[in-house]
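Architecture and fold: a report
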2 protein chains.
Amino acid sequence: MSPEERLQSVSPSGEIFALPLPEDYPGEFERLKQVVQAQRDLGREIVVVMGLGFVGAVMAGVVADAVDKSTGKSNKFVIGVQRPSVRSFWKIPLFNRGISPVEAEDPEVVPLIRRCVTEKKTLLATFTEDALSLADVVVVDVQCDYFKEDLGDVRTGHAEIAALEESLRIIGDRIQPECMVLIETTVPPGTTEYIAYPLVKKAFERRGFNSAEPLLAHSFERVMPGREYVASIRDFWRVCSGVNDTARQRVTRFLSDILNVEKFPLTVLDRPIESETCKIVENSFRATLLAFLDEWSIFAERNGVDLIKVIQAIKVRPTHSNMIFPGPGIGGYCLPKDGGLGVWAYRTLMGFEDDIFKLTPMAIDINDTRALHAAELVRDALRNMGKIVAASKIAVLGASYREDVGDTRYSGSEMLVRKLTEMGGEISVHDPYVQHWWEFEKQDTYPAPGNSWARFFRNQEKLTELRIQQNLGEALKGADAVVLAVRHQTYLALSPDDLLEKVGKPFAVVDCFGILDDSRICRYLSLGCEVKGLGRGHIKRLKDQLKNI
Amino acid sequence: MSPEERLQSVSPSGEIFALPLPEDYPGEFERLKQVVQAQRDLGREIVVVMGLGFVGAVMAGVVADAVDKSTGKSNKFVIGVQRPSVRSFWKIPLFNRGISPVEAEDPEVVPLIRRCVTEKKTLLATFTEDALSLADVVVVDVQCDYFKEDLGDVRTGHAEIAALEESLRIIGDRIQPECMVLIETTVPPGTTEYIAYPLVKKAFERRGFNSAEPLLAHSFERVMPGREYVASIRDFWRVCSGVNDTARQRVTRFLSDILNVEKFPLTVLDRPIESETCKIVENSFRATLLAFLDEWSIFAERNGVDLIKVIQAIKVRPTHSNMIFPGPGIGGYCLPKDGGLGVWAYRTLMGFEDDIFKLTPMAIDINDTRALHAAELVRDALRNMGKIVAASKIAVLGASYREDVGDTRYSGSEMLVRKLTEMGGEISVHDPYVQHWWEFEKQDTYPAPGNSWARFFRNQEKLTELRIQQNLGEALKGADAVVLAVRHQTYLALSPDDLLEKVGKPFAVVDCFGILDDSRICRYLSLGCEVKGLGRGHIKRLKDQLKNI
């Protein structure tokens, strides 16, 4: 095969890397063996991290950065393994130059990876899974997505566990029997014991390790995108468990080595299913808190109540301080799917035919469709100005799923854009934190392939040309409607007069996230704008008061 | 009418009071007028509190105890009004001796009432509603219950608003037009404007005050039974609103006079419906948090998970610290009903035909039936010992709805006792905080008449003889099953060996509230007891481990 015919992987900055050929593997493995031998001579434990995605890349850095708490010396050597696909291979050469493969608002990420790769030399990346045979510890950060068949019915979907199963098969085929395997992925409860254990145990038996008990452990991450990304791994409470006493002890020691367990004590549970369930309950709880306010948001809109002020009045109580207004939808990678993993596991892995789940799936269904109501408000606000969505230009301010981060996964804005596009609207989008909205630009490399909201809407073709505007004025110019979709710092400060000047004429404003205070709402109204907002039933009253002045 | 023929009201301690006759009213009103004139001469504002129930009695004390924040002198005089019914008249003469009509764990309640009545002389009680004509401020603490037609379907029920409407009619007929009326009752959102306003406005018109605008306000209480009862009124955040600017200003000043608003700032909302909605959202949120764990509790029981440990592992996160295990049911006066008031108002007061509420009613339905599953565990634990409920003696430890208080309203234990009785079990009950379980002893004087769970169960007749045991040994003697139903301090410390001695033979233990740690579970098992627990799926594993030793 000539170099030109080789498959290529292109980094976000446009650098091209040829994928390795079969003949490249033995050399790579030789290189690893030599590095590992030298590291073992330094007394370091060899840790292989499977998957250099959002979690794995930074986890690899945290492990490689850890030092022996008494001597202060590095005591782990980390090999990050990424399969050499067109979509992801570029991560490996970049990583080995000390460049983080993930974008993050946290200023700690870039120096963490650089420091470990180029200074401490405790971190490298490779494409060969043979690295597994050299590991004392394997950390599995392979994604387990949830595929939804229908919009607004999580029950008809299923866990996409094949990639994780494949990784576990490879692990079983390659690791030494005494290697501890830590599954860090959020998985359907039961996965470690019902799926991973039999796969690895059978692989051991095939390899002649008949009496070897796989040392499987589970400890989910609680990473939070944003400026505290690294701290959310290292300086945060962890829960872990193992399939047997040895695995439980090994994972406890490993996590105690790398995390700040002095300040954030580790919880060790008896069985992996308890740790797996913990994560699902935790995120389903939060999804439920958010979904709960959807119906009250509608109630507020229809009955003159400003739900934003109501929530502020309630949140002062320490027992209610985690009440959060749901905005135009509940995104992020975890909350839209984790409850689904639980419901699926109960039926599929545990084989129960009855349906015990009520709030968990209902919360996801409510959250998944909330953005459609935001689209209704845009429609109604335009109608009040004598327009329809189909003939209008709509500027959406904010593409990410939460404030002051650039993470667009399953964001309410994505669905809002899709729905308004289906209705024929012409969309422009601004977001100071998002350079590329991958969900529209490259659907084949979407973090969860095939899992975008795209397939639930018609008329989506033209969205492949959607590009994020970095210039707010450009995004706003001539808009018939402006949607305030995310509570980014810059949007909280926007002045109505300034916006009117940028737009060039009165427009419809739709506040999806309690961004406007009453004085700004009144200013928009007196400038001739139409204003609507999720959960903001008091706007009509403000309008009437203005008329009476 | 001879004295013997007069209706009588009997205090909890057995003292008998004859109800007043029509001819007693003018004299009582004359007395009040004189007292009020003297109080006005002292520069005090006259406050009438309607209803001396759980909230009104203590609220009356808090108002009467308030002093001018600059001079330190009492500036309110309070008249508590209680209608002279057989059920409640005894409160008035006791109150006027300085004796609190409500039992409370809070040591502040008794001296508060005594101090205001006998020392400060800023508080008295009366049976005549003519007192209203003397008031500068009326505080309405008349209950508004929610009646459920069906068990587990809150939607078919209705708000019992008649008593409140009647009180508002009386208020409209008697108050001076400049009197500010503060509704403190938790009401269906819209009540102040949709119900109270037209009632009082029309009464004013009948009385010739055609141009007078009723000064109606709403500010819900957030009282919490227990040792911080008074503080939960005085030293806690408040929300208020009024039907117009004057009412809003008046209620703001009044609450600022009597509450610790320096430390717990007041939230003033625009309209009463916002304040009313606030309370309903607040309590529905909490009901939903609790209901959420019901399905995970079942999941845990069936899949080897100890949900108690899972919750402990999650609660360390500040964003999840209000996660609470739901125990054998969700009682107390508010959580089982408040969401129902919201759903009812939307349909009835606001006239909407569509059904926007999902989580709010579902949470109540889940919470209302959770105790039935606790009964299933008792059944199953007995079955594992070769017994059935019908032939068994079952000791229930804890009658109140939460730990370390004596409040039994809608407690999970009540429903558990009713269900096990329906199944033929013989029940004994112990609770160190409850002397009388009124729900069983006097159904006609139940706090919410007709609203007890009784009507949903058959075979309840013999329960009128149920008496709370104060002696734990008596309650336990010969029991086939012991239900640990409430996390009272004394129950957390119970030793398995001690219990076995009191019971006299191995028994079934059902832990409804995460009361048993693993070492105690193991001890019960090794003593030959059968153990089950809500959400405690790991017990079978502990049993297997014991067998293998």
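Reading the values: rules and limits
Residues numbered from 1 in each chain as written. Chains lettered and ligands numbered in written order. Predicted model: local features only at pLDDT ≥ 70, side-chain atom pairs only at ≥ 80, totals over all residues. Heavy atoms only, no water. Axes fitted to C-alpha atoms, helices over the stretch in contact; angles between N-to-C directions. Helix = DSSP H or I, 4+ residues; strand = E, 2+ residues; numbered from the N terminus. Parallel < 35°, antiparallel > 145°, perpendicular 65-115°, else oblique. Left-handed = near helix turned anticlockwise from the far one by under 90°. Contact = heavy atoms within 4.5 Å. Buried < 20%, exposed > 50% of the residue type's maximum accessible area, 1.4 Å probe, protein only. Pairing = 2+ DSSP bridges. Right-handed = clockwise from strand over helix to strand, strands pointing away. Least-squares fit on C-alpha atoms with pLDDT ≥ 70 in both. Buried area = accessible area lost by both parts, 1.4 Å probe. Salt bridge = Lys/Arg side-chain N within 4 Å of Asp/Glu carboxyl O. Polar contact = N/O pair within 3.5 Å; in protein donor to acceptor, adjacent residues only side chain to side chain. Phe/Tyr/Trp six-rings, centres within 6.5 Å; stacked < 30°, edge-to-face > 60°. Lys NZ or Arg CZ within 6 Å of the ring centre and 35° of its normal. Domains from an automatic or database assignment.

Residue and element names in this part refer to chain B. Helix H11 (residues 338–348) packs onto helix H9 (residues 272–302) with a crossing angle of 130° between their chain directions and a minimal axis gap of 8 Å. Overall, the two elements H9 and H11 adopt an arrangement that is oblique. Along this stretch, H9 crosses H11, giving a crossing that reads as left-handed. For the pair H9 and H11, contact is made by Lys 279, Ile 280, Asn 283 and Ser 284 and by Asp 338, Gly 339, Leu 341 and Gly 342, respectively.

The next subject is the pairing of strand E4 (residues 76–81) of chain B. Residues and elements named next belong to chain B. Summarising burial for E4: 6 of the 6 residues are buried, a large majority. Neither face of E4 is exposed, since Lys 76, Val 78 and Gly 80 on one face and Phe 77, Ile 79 and Val 81 on the opposite face are all buried. Of the pairings in the sheet, the one linking strand E3 (residues 45–50) to E4 comprises 6 bridges and is parallel in character. For Met 50, the partnering residue across the bridge sits in E4 and is Val 81. Crossover handedness for the path E3 to helix H2 (residues 56–65) to E4: right-handed. In the sheet, E4 pairs with strand E5 (residues 123–126) via 4 bridges, with the strands oriented parallel. Across the sheet, Val 78 pairs through a bridge with Leu 123, a residue of E5.

Time to look at the relation of the copies chain A and chain B. When chain A is brought onto chain B, the operation consists of a screw motion whose angular component is 180° and whose axial shift is 0.0 Å, with 0.0 Å RMSD remaining. Considering both components of the superposition, the chain copies are consistent with a two-fold axis. A symmetric contact is evident, with 100% of the interface residues of chain A recurring at the interface of chain B.

Bringing the interface of chain A and chain B into the picture now. Contact residues are listed per partner, giving 61 residues for chain A and 61 residues for chain B. The contact between chain A and chain B buries some 5,800 Å² in all, and 71% of this surface belongs to carbon and sulfur atoms. The tally of links between chain A and chain B comes to 10 salt bridges. Two residues, Lys 309 of chain A and Asp 270 of chain B, come together in a salt bridge whose shortest N-O distance is 3.8 Å. Along the contact surface separating chain A from chain B lie 24 residue pairs in polar contact (both at pLDDT 80 or more).

Here the focus is the packing of aromatic side chains. By the definition in use, this model includes 36 aromatic pairs over all chains. Between Phe 54 of chain B and Tyr 229 of chain B, the aromatic rings sit 5.5 Å apart at their centres with planes inclined by 85°, giving edge-to-face as the arrangement. With Phe 54 of chain B in the loop between E3 and H2 and Tyr 229 of chain B in helix H7 (residues 229–234), this residue pair connects regions lying 175 residues apart in the sequence. The exposure class assigned to Tyr 229 of chain B is buried, which follows from its relative accessible area of 2%. Here a set of aromatic residues connected by ring pairs shows up, and it is made of Trp 296 and Phe 299 of chain A together with Tyr 346, Phe 352 and Phe 357 of chain B. Geometry around Phe 54 of chain B places Arg 409 of chain B over its ring, the cationic atom sitting 4.2 Å from the centre.

Bringing the pattern of salt bridges into the picture now. Any two side chains of opposite charge can pair, on the condition that their charged atoms come close. Here the structure, examined in full by the defined rule, presents 100 salt bridges over all chains. Of the charged contacts, one joins Lys 502 of chain A and Asp 498 of chain A as a salt bridge, the two residues approaching to 3.2 Å between their closest N and O atoms. On the criterion of helical spacing, the pair formed by Lys 502 of chain A and Asp 498 of chain A is a turn pair, its members being 4 residues apart in helix H17 (residues 496–503). A relative accessible area of 29% places Lys 502 of chain A in the partly exposed class. Given the relative accessible area of 32%, Asp 498 of chain A is considered partly exposed. The closest approach of N and O atoms between Glu 221 of chain B and Lys 279 of chain B, which form a salt bridge, is 3.6 Å. Placement of the pair is Glu 221 of chain B in the loop between strand E10 (215–218) and H7 and Lys 279 of chain B in helix H9, with a sequence separation of 58 residues. Note on accessibility: Glu 221 of chain B and Lys 279 of chain B belong to one class, buried. The structure contains a network of salt bridges with shared partners spanning Asp 270 and Glu 274 of chain A together with Asp 306, Lys 309, Asp 511, Asp 518, Arg 536 and Arg 541 of chain B.

Let us now look at the domain arrangement of chain A. Many analyses report the size of an interface as the accessible area lost when the parts associate. All names here are of chain A. For chain A, the assigned domains read domain 1 (24–230) and domain 2 (293–548). Here domain 1 and domain 2 have C-alpha centroids that lie 35 Å from each other. Listed per partner, the contact involves 32 residues of domain 1 and 42 residues of domain 2. Of the roughly 3,000 Å² buried at the junction of domain 1 and domain 2 (both faces included), carbon and sulfur atoms supply 59%. By the criterion of area lost to domain 2, the three top residues of domain 1 are Lys 148, Leu 151 and Arg 155, representing 24% of everything that side buries. There are 2 salt bridges connecting domain 1 and domain 2. Taking the shortest distance from any N to any O, the salt bridge between Lys 148 and Asp 368 comes out at 2.6 Å. Counting the contacts that link domain 1 with domain 2 gives 11 residue pairs in polar contact (both at pLDDT 80 or more). Those elements that place two or more of their residues in the side of domain 1 that touches domain 2 are strand E7 (145–147), strand E8 (158–160) and helix H6 (191–206).

Below, the discussion takes up the sheet that holds E3 of chain B. Residues and elements named next belong to chain B. Judged by pairing direction, the sheet is mixed, and its 8 strands sit side by side in the order E5-E4-E3-E6-E9-E10-E11-E12 without closing on themselves. Because the sheet does not close on itself, it has two edges, and the strands there are E5 and strand E12 (267–268). The strands touched by helix H1 (residues 24–41) are E3, E4 and E5; relative to E5, the strand with the most contacts, the crossing angle is about 160°.

Residues and elements named next belong to chain A. The buried fraction of strand E14 (residues 426–430) amounts to 4 of the 5 residues, a majority that puts the element mostly inside the structure. Two strands pair when backbone bridges link them, and strand E13 (residues 393–397) and E14 are joined in this way by 5 bridges, in the parallel orientation. Of the residues in E14, the one forming a bridge with Ala 395 is Ser 428. In this view, the connection linking E13 to its parallel neighbour E14 by way of helix H13 (residues 412–422) has right-handed handedness. The sheet contact formed by E14 and strand E15 (residues 468–469) spans 2 bridges and is parallel. By the bridge assignment, Val 429 is partnered in E15 with Ile 468.

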